[in-house]
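Chain residues, written in single-letter form:
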Amino acid sequence: LGGNMLLIDGYYEDAVQYERMEGVVSVTYNYTFETAGYADEYSEEPDDPYFAQQPYPGKKATWFNMGVKADNIEGFEFTTIRVAVLDTGIDATHEDLVNRVVAGYNAIDDEVIEAGVNSDIAYDSHGTMVAGLIGAEAYNGKGIAGVAGKFPVELVPVRALGADGKGKIADIVRGIYWCIDNDVDIINMSFGTRLNYYPAALGKAVDAADECGSMMIAAAGHESGKTLTG
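Residues numbered from 1 in each chain as written. Predicted model: local features only at pLDDT ≥ 70, side-chain atom pairs only at ≥ 80, totals over all residues. Heavy atoms only, no water.

**Looking at the nonpolar core**
Core analysis: the largest hydrophobic core is formed by 29 residues, its most contacted members being Leu 86, Val 158, Ile 172, Ile 176, Cys 179 and Ile 187. Secondary-structure elements contributing two or more residues to this core are β4 (81–87), β7 (153–159), α3 (169–181), β9 (186–189) and α4 (200–211). At eight residues, α3 tops the list of elements feeding residues into this core. Apart from the residues within four sequence positions on either side, Ile 172 is in contact with Phe 33, Leu 86, Ala 160, Phe 191 and Leu 202. With 13 residues, the next largest nonpolar core counts Val 83, Val 85, Ala 92 and Ala 131 among its residues. (Core = buried A, V, L, I, M, F, W, Y, C linked by side-chain atoms within 4.5 Å. Buried < 20%, exposed > 50% of the residue type's maximum accessible area, 1.4 Å probe, protein only. Helix = DSSP H or I, 4+ residues; strand = E, 2+ residues; numbered from the N terminus. Contact = heavy atoms within 4.5 Å.)

Following this line, the structure appears as structure tokens:
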């Protein structure tokens, strides 16, 4: 990762030898992460056709607009929140996301993700699904209603996971630092893994994001038969 932080592939026992090297602050085994699977009522239910099929449809899911009707925010000025989705990419051509996905970063290949393209390489479109839950436009008569509802949000694709939904700490850490440098307000990480040793490099990246005012959202682990650390 540069500087005096090392990320080591291979076995942890092989990595610890570097901890004794002069000038090395921390050593992290390069774990593989993978995608995580996947109430008050308010008066106006979104007209998005698949809203009723979303979780807790009978309760109308409190996260949609936090009890705010679609027309109640008209005329007010709100700060646009930049939400980075560290995942497999986002399909910016999707009709429910097309107005909200902006340019991002491919941390795996160290490349810019241009605005308006489909950058999701996962077979199950995991990154796009996560982005939809966060920011699919509400009250637009299409698809579902995301958590952001009608409030202004920019979805920033940061690809840190591959087509199989798995990725290395090195790419996740690189993605987090990119988010810090590009004024991201919220960093969403819907993935997890089993950890036997503390991932120091990831911890330092999370601390750095926190110090810069970015909120980190991570999966707690909800796979059937598995216990994932998020």
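**Some remarks on the packing of aromatic side chains**
Going through the model one piece at a time under the given rule, you end up with two aromatic pairs. Considering the side-chain rings of Phe 33 and Phe 191, the 5.6 Å spacing of their centres and the 85° angle between planes classify their relative orientation as edge-to-face. Of the two residues, Phe 33 and Phe 191, neither departs from the other in class, the shared state being buried. Consider the rings of Tyr 105 and Trp 178, whose centres lie 5.4 Å apart with planes at 5°: the pair is stacked. Of this pair, Tyr 105 sits in strand β5 (residues 104–106) while Trp 178 sits in helix α3, and the two are 73 residues apart along the sequence. (Phe/Tyr/Trp six-rings, centres within 6.5 Å; stacked < 30°, edge-to-face > 60°.)

**Considerations on the sheet that holds β7**
The six strands are arranged β6-β5-β7-β4-β9-β11 in an open sheet whose pairing can be described as mixed. Pairing within the sheet leaves two strands with one partner each, and these edge strands are β6 (111–113) and β11 (215–218). Ignoring strand direction, the axes of neighbouring strands in this sheet form an average angle of 25°. In this sheet, β7 lies alongside β5 in parallel orientation, the contact comprising two bridges. Within β7, the residue paired with Tyr 105 across the bridge is Val 158. (Pairing = 2+ DSSP bridges. Axes fitted to C-alpha atoms, helices over the stretch in contact; angles between N-to-C directions.)

**Here we look at the side chain of Asp 91**
Residue placement: Asp 91 occurs in the loop between β4 and β5. Summary of buried charges: Asp 91 has no salt-bridge partner, and the nearest side chain of opposite charge, Arg 159, is 11 Å away. Once residues within four sequence positions are removed from consideration, Asp 91 is found in contact with Leu 97, Val 117, Asn 118, Asp 120 and Thr 128. (Lys, Arg positive; Asp, Glu negative; His and termini not counted. Salt bridge = Lys/Arg side-chain N within 4 Å of Asp/Glu carboxyl O.)

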